[in-house]
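Chain by chain, the residues run as shown.
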Amino acid sequence: MSHRLQAEGLAFSYEAGRAVFTRVDATVRSGEVTGIVGPNGSGKSTLLRVLCGLLTPQHGQVLLDGRPLASFRSTERARTLAFLPQSVDPAFALTVFEVVCLGRYPHVGSWAGLRAQDRDVARRCMCDTETEQLASRDFLTLSGGERQRVLLASILAQEPDLLLLDEPTSSLDIHHQIEIFALLRRLASSGFGVAVVTHDLNLAARYCDRLLLLSTEAESVLAEGRPGEVLTEGLLSRAYAARILVSQHPITRTLLITADDPGREPEAVP
Ligand SMILES: Nc1ncnc2c1ncn2[C@@H]1O[C@H](COP(=O)(O)OP(=O)(O)OP(=O)(O)O)[C@@H](O)[C@H]1O
Ligand SMILES: [Mg+2]
């Protein structure tokens, strides 16, 4: 089923007089990967938390398929959208397989145990994230990147239609970064909607259909559109307060984004 999560005119402050943003619009649609990029502190995690209903905006609203998000029952909402936070500190020891199976909670009655089909879904999601060999390990003993992939498997096991992911590849090596972004791309092609916060502008350029660029200066989204429209030297240099160079990768032909050394003299234009 096709879904649309739409935020209109969002304003959010943690403390009175210090707004994170005052008028942000954002849309997450089935079939698309939407990247949310911007510097530290620009409000990416806050926006994702408002979009999934964990934070309530002071102004504006979030609609899921035209209905206010707050009007959905929690299990109904959890079957439609899943949120992967930027960091998770599990309070008790569980095996990796148990952590992934926790993702099945919206599909299992309160007093019912896991069914064979729930375990099958968990195993499939572990294959997708290359975590199946970790199944019997204690989650707390995993490396940062292994934990991140297991948590993603758990979110996928929830089988939501819309995925809201906060920096899912920040601790991953180059092989797993590309595997996860390629997986997100495949999920979108098969009908999922994905919103992903990332600091990796090159992966965002290559795998996202649309981007939202936030900045600490602007009170709304600084730019929104296709990667080529948003990832320009002018917009990025403004957002990151740094000299950003945008070129084309000679092999992949996707945009190649680099921050210039602040001490380097720009070449004289002939
Ligand atoms: N719980 C909180 N209480 C008060 N201020 C907060 C809280 N969480 C975040 N902030 C502030 O809100 C602003 C936006 O934070 P947010 O975490 O959304 O940024 P971000 O874009 O996700 O940054 P990063 O790239 O570092 O993850 C920052 O100035 C941050 O210090
Ligand atoms: Mg963040």
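Note that this is a predicted model, so its numbers are computed, not measured.

Quick notes on the rules
Residues numbered from 1 in each chain as written. Chains lettered and ligands numbered in written order. Predicted model: local features only at pLDDT ≥ 70, side-chain atom pairs only at ≥ 80, totals over all residues. Heavy atoms only, no water. Core = buried A, V, L, I, M, F, W, Y, C linked by side-chain atoms within 4.5 Å. Buried < 20%, exposed > 50% of the residue type's maximum accessible area, 1.4 Å probe, protein only. Helix = DSSP H or I, 4+ residues; strand = E, 2+ residues; numbered from the N terminus. Contact = heavy atoms within 4.5 Å. Near = heavy atom within 4 Å. Polar contact = N/O pair within 3.5 Å; in protein donor to acceptor, adjacent residues only side chain to side chain. Areas by Shrake-Rupley, 256 points an atom, 1.4 Å probe, with all protein chains shown as cover. Pairing = 2+ DSSP bridges. Axes fitted to C-alpha atoms, helices over the stretch in contact; angles between N-to-C directions. Donors = N, O, S within 2.8 Å, 3.2 Å for Na, K, Ca; no water. Phe/Tyr/Trp six-rings, centres within 6.5 Å; stacked < 30°, edge-to-face > 60°. Lys NZ or Arg CZ within 6 Å of the ring centre and 35° of its normal.

**With respect to the nonpolar core**
Burial of nonpolar side chains together is a common tendency in soluble globular proteins.
Thinking step 1. Core analysis: the largest hydrophobic core is formed by 51 residues, its most contacted members being V100, V150, L163, L165, L184, V196 and L213.
Thinking step 2. Sorting elements by how many residues they give to this core places helix α5 (residues 144–157) first, with seven residues.
Thinking step 3. Excluding anything up to four places from it in sequence, V196 contacts V33, T34, G35, I36, L165, P168, F181, L184 and C208.
Thinking step 4. With 29 residues, the next largest nonpolar core counts F21, V28, L69 and V197 among its residues.

**Some details on the site of ligand 1**
Thinking step 1. Within the structure, ligand 1 sits among 15 residues, and G41, K44, S45, T46 and H199 are positioned closest to it.
Thinking step 2. The backbone of G43 places a nitrogen or oxygen atom 3.0 Å from an oxygen atom of ligand 1.
Thinking step 3. Contacts to ligand 1 include S45, whose side-chain N or O atom sits 2.8 Å from an oxygen atom.
Thinking step 4. Burial of ligand 1 by the protein chains amounts to 64% of its free accessible area of 640 Å².
Thinking step 5. Of all the secondary-structure elements, those providing two or more residues to the shell around ligand 1 are β1 (4–15), β2 (18–29) and α1 (44–51).

**Focus on the sheet that holds strand β4 (residues 59–64)**
Thinking step 1. In space, the four strands of this open sheet follow the order β2-β1-β4-β5, with antiparallel pairing throughout. Both edges of this open sheet fall to β2 and β5 (67–68), since each of them pairs with a single strand only.
Thinking step 2. Contacting β1, β2 and β4, α1 runs over the sheet at an angle of about 125° to β1.

**Description of the coordination of the magnesium ion (ligand 2)**
By definition of the ideal shapes, four donors in a tetrahedron about a metal sit 109.5 degrees apart, and six donors in an octahedron sit 90 or 180 degrees apart.
Thinking step 1. In the first shell of the magnesium ion (ligand 2), the protein supplies S45 (OG) and Q86 (OE1), at 2.0 to 2.3 Å from the metal. Residue S45 is found in helix α1, and its partner Q86 is found in the loop between β6 (81–84) and α3 (96–102); the two are separated by 41 residues along the sequence.

**Some points on the packing of aromatic side chains**
Given two aromatic rings, their pairing is described by the distance between the two centres and the angle made by the two planes.
Thinking step 1. Per the counting criterion, the structure on display carries two aromatic pairs.
Thinking step 2. Ring plane angle 80° and centroid distance 4.8 Å describe the contact between F12 and Y14, whose orientation is recorded as edge-to-face.
Thinking step 3. Its relative accessible area of 5% is what places F12 among the buried residues.
Thinking step 4. Centre to centre, the rings of F181 and Y207 are 5.9 Å apart; their planes meet at 40°, and the pair counts as tilted. Note that F181 is positioned in helix α6 (residues 174–189) and Y207 in helix α7 (residues 201–207), a separation of 26 residues in sequence.
Thinking step 5. Over the ring of F72 we find R67; its NZ or CZ atom is 3.9 Å from the centre of that ring.

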